[in-house]
Amino acid sequence: MPTRRTLALVTLAALALGAPVAARQEAPDALFGAYTLTPGFLPDPFIVSAVGGGPLDSASLGLPEGCLGFISEAPTAVFTYTEAPSGFRVFFLGDADATLIVEAPDGSTSCSDDAYGLDPALEFQGAQAGSYRVWIGAFGAESATSGYLMLTEIYDSVPGSILTPLVNFVTSLVPAE
């Protein structure tokens, strides 16, 4: 497994040679699991208990402007759609201020901070089939945030108001304030 120093040197060499920084690389296994989904999955929302944060400052990784927080080298979770969904939303409800970074199957990166209170959320319309690699960031290299990473295709579901087509499915998750 490459060390942070090795990754930093490879990134600097790529920049110096004019190579694209966003080139997709093999990543370590997801820390809190890899999940395969089909459009219309149940239960919706799909919920993963996770802890975000890590030693890497996302602002120094060549990511798009606005990508904040300290993350791990490995993604927090990976969601793979076997067929293209019409769209979905991914969000994190944590016990502290958190950020969200998602790499889509085409290698593009999207980021969020404070979409709902202190909780990040990203929406993907006309989404592609393939793997979405998700990182949860914390504000500080020694900080961590625990909570629930959620993926939903129900567009009225947002942190603090989670809807589901399942009868008697109750959530009482409250976003960090």
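Residues numbered from 1 in each chain as written. Predicted model: local features only at pLDDT ≥ 70, side-chain atom pairs only at ≥ 80, totals over all residues. Heavy atoms only, no water.

Things to note about the pattern of salt bridges
Step number 1: One pass over the full model with this rule turns up two salt bridges.
Step number 2: Between E123 and R89 there is a salt bridge, with the nearest N and O atoms lying 2.5 Å from each other. You can see E123 sitting in strand β9 (residues 121-125) and its partner R89 sitting in strand β6 (residues 87-94), a full 34 residues away along the chain.
Step number 3: On the basis of relative accessibility, which here comes to 40%, the residue E123 falls in the partly exposed class.
Step number 4: Judged by its relative accessible area of 6%, R89 falls in the buried class.
Step number 5: Across the pair R133 and E103 runs a salt bridge, and its minimum N-O distance is 2.6 Å. One end of the pair, R133, is in strand β10 (residues 130-138); the other, E103, is in strand β7 (residues 98-103), and 30 residues separate them in sequence.
Step number 6: Among the residues examined, R133 registers a relative accessible area of 11% and is labelled buried.
Step number 7: With relative accessibility at 9%, the residue E103 sits in the buried group. (Salt bridge = Lys/Arg side-chain N within 4 Å of Asp/Glu carboxyl O. Helix = DSSP H or I, 4+ residues; strand = E, 2+ residues; numbered from the N terminus. Buried < 20%, exposed > 50% of the residue type's maximum accessible area, 1.4 Å probe, protein only.)

Describing the state of the cysteines
Covalent bonding between the sulfur atoms of two cysteines defines a disulfide.
Step number 1: Within this structure, the stated rule accounts for one disulfide.
Step number 2: The disulfide partner of C67 is C111, and the S-S distance across this bridge is 1.7 Å. Given an S-S torsion of about 70°, the disulfide between C67 and C111 has right-handed geometry. Of this pair, C67 sits in the loop between β3 (56-57) and β4 (70-71) while C111 sits in strand β8 (residues 109-113); the two residues are 44 residues apart in sequence, bridging distant segments of the chain.
Step number 3: Assessed through its relative accessible area of 23%, C111 is described here as partly exposed. (Disulfide = S-S within 2.5 Å.)

All quantities given are derived from atomic positions and should not be read as evidence of function.
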